[in-house]
Amino acid sequence: MTTNFVLAAGWGFVLLASFIGYGKLLHRLLFPAERVGWAVSAAWGIAFIIALGGWLNLAGIISPALIIALIGFGVVSTIFEVLMQKGSIGEGFKSHCLRVRQQLPIELLKLTGLGIIVALAGMQYLGAVTNEASHYNYIVIDDLRGYFLFPKQMLEAGAITSDPFNLTRLGNGLAGQAILQAMILVVLDFYNILLMDAGIALIVCVGLVWDIAGKRGLSFPWKWLLVVFFLCFPYYPTLRINASSFATGMAILLALFDLLDRDDISPGSPIKKAFIIGLLAAGACALKTTYLPPLVMILAVSYLCYLITSRFNRRSAAETLFVPAVTFAMLLPWMLALLKSSGTMLY
């Protein structure tokens, strides 16, 4: 394992910490009384960076220094959150140690199960660190003309440049993934570009599956089986044909499901909940416009059921109206940038 490989793997965890920091910041601002896990926070942070990147791209002010500053702010936010929660973390560790002493065989089995999950996730993460000598080959029409080009343009020109004849720009849609890939390329190389989607986002997905299973009241064996099934399901690498978003969209959609399925969000905050749901929906749509049809169906059915079960009260009606408005507002800078570069707001 070379030094460059170790540094690249470490940079992935720096980015993960940064995403968690932005998600925790949103959590403190919007839902300070509710519990939000690290994986949900990371998904919120990814969606926030995509939305913020849209405005930075439209303004043409993206630079390596700005990207590093954004990453650093997120990491500092995570460190601050850990320091704020160190008391509860310590109490949780003590209670866990006491439980281990009281039920040693059961807890050892659980630790073994968690070790298997860490090993499986770790192998997939390390496999995504570099694709220099892997099965993956660059797709000229997709990668070299789009997925590699757009983040490089952001770092060198401040934004995705105008190119009305680039069909990849049209087919890729709003190019929200480019700001995430720019966070890889600001330090690493094109050989490491899959680290964001196939590595970091995969870890977030594992945490989300575990967290959602726990909220549904599943016991440890069932949660373990779900996560192991997720990690062993052959979606990677056989389904990957280019460097487009795959697991990143999956992470955002899982976080969206988690939020739509929650009943413990403060009942007095329909606008706040609509903001997060709109942020997640916009993040997924900005990654790939192919996510747009399922998102519309998911949100339409969810809010139709919500309106019916709540008897069309004021809170549910307000939230239902605010979600599409927030989603459109978050997507607007990416749409305006596409209009500027290619003459259309949505292909």
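Being a predicted model, the structure only gives us computed values, none of them experimental. (Residues numbered from 1 in each chain as written. Predicted model: local features only at pLDDT ≥ 70, side-chain atom pairs only at ≥ 80, totals over all residues. Heavy atoms only, no water.)

Below, the discussion takes up the overall build of the protein. A tally of regular secondary structure across the protein gives 15 helices and 0 strands. Considering the protein as a whole, with its 347 residues, one finds that 49% of them fall into the buried category. Taking the intrachain contacts of the protein between residues at least 6 apart in sequence as the baseline, contacts between residues at least 24 apart amount to 77%. On the protein, roughly 16500 Å² of surface is accessible, and the fraction owed to carbon and sulfur atoms is 72%. (Helix = DSSP H or I, 4+ residues; strand = E, 2+ residues; numbered from the N terminus. Buried < 20%, exposed > 50% of the residue type's maximum accessible area, 1.4 Å probe, protein only. Contact = heavy atoms within 4.5 Å. Areas by Shrake-Rupley, 256 points an atom, 1.4 Å probe, with all protein chains shown as cover.)

What follows covers the environment of Ile20. Relative to the helices and strands, Ile20 resides in helix H1 (residues 3-30). Taking the C-alpha atoms as reference points, Ile20 and Ser77, separated by 57 residues in sequence, lie 8.3 Å from one another. Those residues in contact with Ile20 that lie beyond four places of it in its chain are Trp38, Ser41, Ala42 and Thr78.

Below, the discussion takes up the packing of helix H2 (residues 38-59) against helix H15 (residues 314-342). Where H2 contacts H15, the two axes come as close as 8 Å, and the packing angle between them is 35 degrees. The chirality of how H2 crosses H15 is left-handed. Residue-level inspection shows Ile50, Ala51, Gly53, Gly54, Trp55, Asn57 and Leu58 of H2 in contact with H15, the latter providing Ala329, Met330, Pro333, Trp334, Leu336 and Ala337. Here the contact of H2 with H15 is built from residues that sort into 10 nonpolar, 3 polar and no charged. (Axes fitted to C-alpha atoms, helices over the stretch in contact; angles between N-to-C directions. Left-handed = near helix turned anticlockwise from the far one by under 90°. Nonpolar A, V, L, I, M, F, W, Y, C, P; charged D, E, K, R; others polar.)

Attention now goes to the pattern of salt bridges. Applying the stated rule across the entire model yields 6 salt bridges. Across the pair Lys215 and Asp211 runs a salt bridge whose closest N-O atoms are separated by 3.3 Å. Placement of both Lys215 and Asp211 in helix H10 (residues 195-215) is noted, with a separation of 4 residues, approximately one turn of the helix. Assessed through its relative accessible area of 35%, Lys215 is described here as partly exposed. Taken together, the salt bridges that share partners define one network made up of Arg35, Asp211, Lys215 and Asp258. (Salt bridge = Lys/Arg side-chain N within 4 Å of Asp/Glu carboxyl O.)

Another point: a nonpolar patch on the surface. Nonpolar side chains collect at one region of the surface, where Leu218, Trp222, Leu225 and Leu226 lie side by side and expose about 390 Å² of accessible area between them. In this structure, Trp222 sits in helix H11 (residues 220-232). What makes Trp222 exposed here is its relative accessible area of 56%. (Patch = residues over 30% accessible without salt bridge, like charges linked within 9 Å, V, L, I, M, F, W, Y side chains within 5 Å.)

Right, let's talk about the packing of H10 against H11 for a bit. Packing of H10 against H11 brings their axes to within 9 Å, and their N-to-C directions diverge by 155 degrees. By the angle between their axes, H10 is roughly antiparallel relative to H11. Judged by the twist between their axes, the crossing of H10 over H11 is right-handed. Only Phe220, Lys223, Trp224, Leu226, Val227, Phe230 and Leu231 of H11 make contact with H10, whose side of the interface consists of Leu202, Cys205, Val206, Val209, Trp210, Ala213 and Gly214. Considered class by class, the residues forming the contact of H10 with H11 number 12 nonpolar, 1 polar and 1 charged. (Parallel < 35°, antiparallel > 145°, perpendicular 65-115°, else oblique.)

Here we take up unusual backbone geometry. Of note, the phi angle at Ala175 is positive, near 65 degrees, even though the residue is not glycine. Structurally, Ala175 is set in the loop between helix H8 (167-172) and helix H9 (177-185).

With that settled, the discussion passes to the nonpolar core. One finds Leu15, Phe19, Trp44, Ile50, Ile179, Leu180 and Ile276 to be the most contacted residues of the largest nonpolar core, which totals 95 residues. When neighbours within four sequence positions are excluded, Ile179 is seen to be in contact with Ile49, Ile50, Gly53, Ile62, Ile67, Met154 and Trp334. (Core = buried A, V, L, I, M, F, W, Y, C linked by side-chain atoms within 4.5 Å.)

With that settled, consider the side chain of Thr78. Structurally, the position occupied by Thr78 is in helix H3 (residues 64-84). Exposure remark for Thr78: the relative accessible area of 14% places this residue in the buried category.

In this structure, Ser310 sits in the loop between helix H14 (292-309) and H15. At a separation of 2.7 Å, a polar atom in the side chain of Ser310 contacts the main-chain carbonyl oxygen of Tyr306. In this structure the side chain of Ser310 is engaged in a polar contact, spanning 2.8 Å, whose partner is the side chain of Ser316. (Polar contact = N/O pair within 3.5 Å; in protein donor to acceptor, adjacent residues only side chain to side chain.)

So, about the confidence of the model for the protein. Regions with low pLDDT should not have their predicted coordinates read in detail. Chain-level pLDDT for the protein is 86 on average; 86% of the residues reach the 70-or-more range. In the model of the protein, helix H4 (residues 86-102) stands out as the element of lowest mean pLDDT, 65, in contrast to H2, which has the highest, 95. (pLDDT = per-residue confidence, 0-100.)

Glancing now at helix H7 (residues 149-157). Listing the buried residues of H7 in full gives Phe150, Pro151, Gln153, Met154 and Leu155. A positive backbone phi angle near 90 degrees is found at Gly158, which sits one or two residues after H7.

Relative to the helices and strands, Thr309 is located in helix H14. Side-chain polar atoms of Thr309 contact the backbone oxygen of Tyr306, separated by 3.2 Å.

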